[in-house]
Each structure stands twice: as structure tokens, then as C-alpha cells.
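One-letter residues, chain by chain:
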Amino acid sequence: MGGEVYQAQVLKNFFETITGPDRNLTRIFMCVLSLAKLRMEPPETVAHLTDQLRKSRQHRELSIDILDYMCSCAGELEMVPVQTAFGVKDVREIAETFEGISIDSF
């Protein structure tokens, strides 16, 4: 599970970078390659991703192949490591704290 938490954190950083005000392509490049290394992708996949990142830099537009790769990686992760990476607590833990609250107390 530890590797999936790291993958989820890299994905979080990637999506924060592409949706934030500072869309630094170098940071995007590092997120994509870090995720590929964490997932132990074959050299052909890493070469394709690197090529797409170079093209993205030239065209100043993120390649759809990069987005597709990152989204497919996100879809393959289990929910618990993703929640851990994003700092989300388990719903069951939170529900226990609310058991004593009733509508009348509001």
C-alpha cells in the first residue's frame, strides 16, 4: 500500500499543478516521470511519455496522451491509499463522533 500512497501523492501534485495558477511544465514533467518510475513502467512507455512531454513543451500545450496516462493511473489506484494521500479520514471514523448528535440538539 505504501507505493500506492506515493503514487496518489504524485497524482495530487500533478493535478494541482495543471489546475493551479503556476502551470510549470518542469513540475509536470517530474510528476509524470516519477509516477512512471513508481509504477515500474516499461522503457517503451517511459520513452513515449518523455516524447509527449517534449512535444508539449514545444507546443506549449499539454498532450492528451499525458492526461490520459495520468487519469488511467488515478483510476487504477485503490481508494484507501488515495484517501490517505489526500488527507481524507475514513468515513466510519468520522461517523463515530457524530453518533451522539440528534436533530433536537440543533
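In this text the structure is predicted, and so the values were computed from the model without any measurement.

S.K.: Looking at this model, I keep getting lost on the packing of helix α3 (residues 43-59) against helix α4 (residues 64-76). Mind explaining?
M.R.: Each packed pair of helices is defined by two parameters, the angle between the axes and the distance between the axes. Relative orientation of the contacting elements α3 and α4 amounts to 135°, with a least axis distance of 9 Å. It follows that α3 is oblique to α4 by the angle criterion. Side by side, α3 and α4 meet where H48, L49, Q52 and L53 of the first sit next to D65, I66 and Y69 of the second. For the contact of α3 with α4, the residue count by class is four nonpolar, two polar and one charged.

S.K.: Would you take a moment to explain the packing of helix α2 (residues 25-38) against α3 for this structure?
M.R.: Packing of α2 against α3 brings their axes to within 10 Å, and their N-to-C directions diverge by 170°. Taken as axis vectors, α2 and α3 run roughly antiparallel relative to one another. Listed contacts from α3 to L25, T26, I28, F29, V32, L33 and A36 of α2 are V46, L49, T50, L53, S56 and R57. Of the residues contributing to the contact of α2 with α3, the split by class is nine nonpolar, three polar and one charged.

Definitions and cut-offs
- Residues numbered from 1 in each chain as written.
- Predicted model: local features only at pLDDT ≥ 70, side-chain atom pairs only at ≥ 80, totals over all residues.
- Heavy atoms only, no water.
- Axes fitted to C-alpha atoms, helices over the stretch in contact; angles between N-to-C directions.
- Helix = DSSP H or I, 4+ residues; strand = E, 2+ residues; numbered from the N terminus.
- Parallel < 35°, antiparallel > 145°, perpendicular 65-115°, else oblique.
- Contact = heavy atoms within 4.5 Å.
- Nonpolar A, V, L, I, M, F, W, Y, C, P; charged D, E, K, R; others polar.

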